[in-house]
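A look at the structure
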Amino acid sequence: MTKTVSINAGSSSLKWQLYEMPEEKVLAKGLIERIGLKNSISTVRFGDQKEEQVLDIADHIQAVKILLDDLIKLRIIKDFAEITGVGHRIVAGGEDFEDSTIVDNEVLAKIEKLSALAPLHNPANAAGIRAFKEILPDITSVAVFDTAFHTTMQPATYLYPIPPKYYEEYQIRKYGAHGTSHRYVAQEAAKILGRSLDELKLITAHIGNGVSITANYHGKSIDTSMGFTPLAGPMMGTRSGDIDPAIIPYLVEHDPNLKDSAAVINMLNKQSGLAGVSESSSDMRDIEAGIKAKDPKAVLAYNMFIDRLKKFIGQYFAVLNGADAIIFTAGIGENAVNMRNDVIQGLSWFGIELDPAKNVFGYTGEISSARSKVKVLVIPTDEELVIARDVERLKKKI
Ligand code: ADP
């Protein structure tokens, strides 16, 4: 029996989960927020208890120290020696990483070099790795890449229709993201459907703050909606998703508040999507409340969100030439019953139909009607578990 930590480090946060492996039992989980700011918050949940402390946490190294100290203080573990592995979620793996990998200095340097592809995420992910290496240098450290699952895409899909020198010199191509989640829910879907993944065509829809849709052919990603960066695809919580790229220089030229392309990209990443259109919130629960209160901006934001989702799912029916199932996952996908209903109603021509008794809050598994030609499933994603499993898998290979 060993203990493994899975780490998801953001620029100012660190989400973690401690597992007993191989039992896959969650012993504790936590979230450290506002790293680098005053009044950082560290929350630990274990059993039915919750501990919260507010203190100033300067950087990721200090955050890791606090999380490890808490494990001892709260008697979740007796000794650090019980922890034998740590897995880190890495957003951008570029073309270098087709699978999760043990982290050595060379891998860490590559992750840092790939920061150009994920400037908000990779430096934070690397900081998480460094923090663990400094405090627990002897444990197995594994990097799990969001992009790895999508390295099976073919050039005709991952290349953009622009001169090849931009790929050759600048590595401009589609990389995708959320791969860990797409991989996990596809595997779970095969179990629920009682069929082998090798014979299934699936459309997996990860709809959280970030949104991405993947076409999964016989277990492999053959297309996905995120692109060179996670800004591409359907509309998201604060991201625009796909827009005409000519808008960017046009705004730089005309809007004095947007002085360069970086300012426009920032607006498209952080002030757009549900938040931008509704002018109120990026949170689907607030949008739903706005619709109830007859706020026309919330209604518009919701309708645009559904429109984009429907179009991407429709596209992937063409990419796969038909599909056996659509899988909804992540915060909105798992919980927003009306969203699922509205998206699927718009796809009724395909012979898809929900069972209203099953498309209800809290229900997971198959939610389509018995006569639906395509199954619809709700599967809670569990990226942390995939990370912990990958640590175990790679540890055995050492
Ligand atoms: P992240 O991409 O940050 O991991 P999540 O997968 O946690 O995001 O998804 C966050 C989104 O899930 C938010 O928009 C939130 O409103 C939505 N969400 C969570 N619970 C519900 C719910 N009960 N009904 C509708 N939307 C929900």
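- If you check an unreviewed UniProt entry, the chain appears there as Acetate kinase from Streptococcus macacae NCTC 11558.
- Taken verbatim from the UniProt record of the chain, the Sequence similarities (unreviewed entry) comment is "Belongs to the acetokinase family."
- UniProt, in its Subunit (unreviewed entry) section for the chain, records the words "Homodimer."

Focus on the sheet that holds strand 13 (residues 365-366)
- One open sheet accounts for six strands, arranged 11-10-9-12-14-13; its pairing is mixed. The outermost strands of the open sheet, each flanked by one partner alone, are strand 11 (220-224) and strand 13.
- Where helix 11 (residues 296-320) meets the sheet, its contacts fall on strand 9 (201-207), strand 10 (211-217), strand 11 and strand 12 (325-329), and the angle it forms with strand 10 comes to roughly 15 degrees.

Regarding the UniProt feature "binding site: Mg(2+)" (unreviewed entry) in the chain
- UniProt's feature table lists "binding site: Mg(2+)" (unreviewed entry) at Asn8 and Glu383, given in the numbering used throughout. Spanning 376 residues, the named residues nonetheless gather at one spot, since no C-alpha pair among them exceeds 9.3 Å.
- With respect to the element layout, Asn8 can be found in strand 1 (residues 2-9).
- The buried category is assigned to Asn8, whose relative accessible area is 16%.
- If we skip the residues at most four places from it in the chain, Asn8 touches Ser13, Leu14, Lys15 and Arg89.
- Mapped onto the secondary structure, Glu383 falls in helix 14 (residues 383-395).
- Not counting residues up to four positions away in its chain, the partners in contact with Glu383 are Thr180, Ser181 and His206.

Some words on helix 6 (residues 179-193)
- Over its 15 residues, helix 6 runs 21 Å from end to end, which matches the ideal 21 Å to within 8%, given 1.5 Å per residue.
- Summarising burial for helix 6: 12 of the 15 residues are buried, a large majority.
- Inspection of helix 6 places Gly179, Thr180, Ser181, His182, Arg183, Tyr184, Val185, Ala186, Glu188, Ala189, Ala190 and Leu193 among the buried residues, and these make up the whole buried set.
- In this structure, the buried residues of helix 6 make contact with strand 8 (140-145), strand 9, strand 10, strand 12, strand 14 (375-378) and helix 14.
- Among the residues trailing helix 6, Gly194 stands out with phi positive, at a value near 65 degrees.

Some details on the pattern of salt bridges
- This model, assessed by the stated rule, comprises 22 salt bridges.
- Across the pair Arg285 and Asp283 runs a salt bridge, and its minimum N-O distance is 3.1 Å.
- On the accessibility criterion, Arg285 (62% relative accessible area) is exposed.
- Put simply, Asp99, Arg183, Asp390 and Arg393 are held in one network by salt bridges that share partners.

Details of the pairing of strand 4 (residues 40-46)
- Where burial is concerned, most of strand 4 is hidden: five out of the seven residues are buried.
- As paired strands, strand 3 (residues 25-33) and strand 4 are joined by five bridges and run antiparallel to one another. When the sheet's bridge partners are listed, Leu31 is paired in strand 4 with Thr43.
- For strand 4 and strand 5 (residues 49-55), the ladder comprises seven bridges, and the chain directions are antiparallel. Residue pairing across strands places Ser40 opposite Leu55, the latter belonging to strand 5.
- Hairpin connection of strand 4 to strand 5: two residues between the antiparallel strands, including Gly47 at a positive phi of 55 degrees.

Observations regarding the layout of surface pockets
- Of the volumes computed, that of the second largest pocket is approximately 700 Å³.
- For the lining of the second largest pocket, the secondary-structure elements that each account for two or more residues are helix 8 (261-270) and helix 11.
- With three residues, the top contributor of residues to the lining of the second largest pocket is helix 11.
- Grouping the constituent residues of the lining of the second largest pocket by class yields 15 nonpolar, seven polar and three charged.

Quick word on the site of the ligand
- Every one of the 14 residues lining the ligand counts as a neighbour, but Asn209, Asp283, Met284, Gly331 and Ile332 are closest to it.
- Here an oxygen atom of the ligand and a side-chain polar atom of Asp283 are 2.3 Å apart.
- Backbone polar atom of Met284 to an oxygen atom of the ligand: 2.9 Å apart, as the coordinates give it.
- In the complex, 72% of the free accessible area of the ligand, which totals 580 Å², lies under the protein chains.
- Of all the secondary-structure elements, those providing two or more residues to the shell around the ligand are helix 10 (284-292) and helix 12 (330-335).
- For the shell around the ligand, the element with the highest residue contribution is helix 12, accounting for four residues.
- Of the residues that constitute the shell around the ligand, the class distribution is five nonpolar, six polar and three charged.

Observations concerning the packing of aromatic side chains
- In the structure shown here, the tally under the stated rule is seven aromatic pairs.
- On the basis of an interplanar angle of 25 degrees and a centroid distance of 6.5 Å, the ring pair of Tyr166 and Tyr170 is categorised as stacked. You can see Tyr166 and its partner Tyr170 sitting in helix 5 (residues 165-170), four residues apart, about one turn around the helix.
- You can call Tyr170 exposed: its relative accessible area is 51%.
- Relative to Phe228, the ring of Tyr175 has its centre 6.2 Å away and its plane inclined at 40 degrees; by these criteria the two rings are tilted. Here Tyr175, found in the loop between helix 5 and helix 6, pairs with Phe228, found in the loop between strand 11 and helix 7 (247-254); they are 53 residues apart in sequence, far enough to count as distant.

Conventions used here
- Residues numbered from 1 in each chain as written.
- Predicted model: local features only at pLDDT ≥ 70, side-chain atom pairs only at ≥ 80, totals over all residues.
- Heavy atoms only, no water.
- UniProt positions renumbered as here; feature names shortened; annotations may be inferred.
- Pairing = 2+ DSSP bridges.
- Helix = DSSP H or I, 4+ residues; strand = E, 2+ residues; numbered from the N terminus.
- Contact = heavy atoms within 4.5 Å.
- Axes fitted to C-alpha atoms, helices over the stretch in contact; angles between N-to-C directions.
- Buried < 20%, exposed > 50% of the residue type's maximum accessible area, 1.4 Å probe, protein only.
- Expected span 1.5 Å × (residues − 1).
- Salt bridge = Lys/Arg side-chain N within 4 Å of Asp/Glu carboxyl O.
- 1 Å grid on protein atoms, 1.4 Å probe; cavity = no way out; pocket = protein on both sides within 12 Å on 5 of 7 lines; lining within 4 Å.
- Points joined across faces, edges and corners; volume = space filled by probe spheres on them.
- Nonpolar A, V, L, I, M, F, W, Y, C, P; charged D, E, K, R; others polar.
- Near = heavy atom within 4 Å.
- Polar contact = N/O pair within 3.5 Å; in protein donor to acceptor, adjacent residues only side chain to side chain.
- Areas by Shrake-Rupley, 256 points an atom, 1.4 Å probe, with all protein chains shown as cover.
- Phe/Tyr/Trp six-rings, centres within 6.5 Å; stacked < 30°, edge-to-face > 60°.

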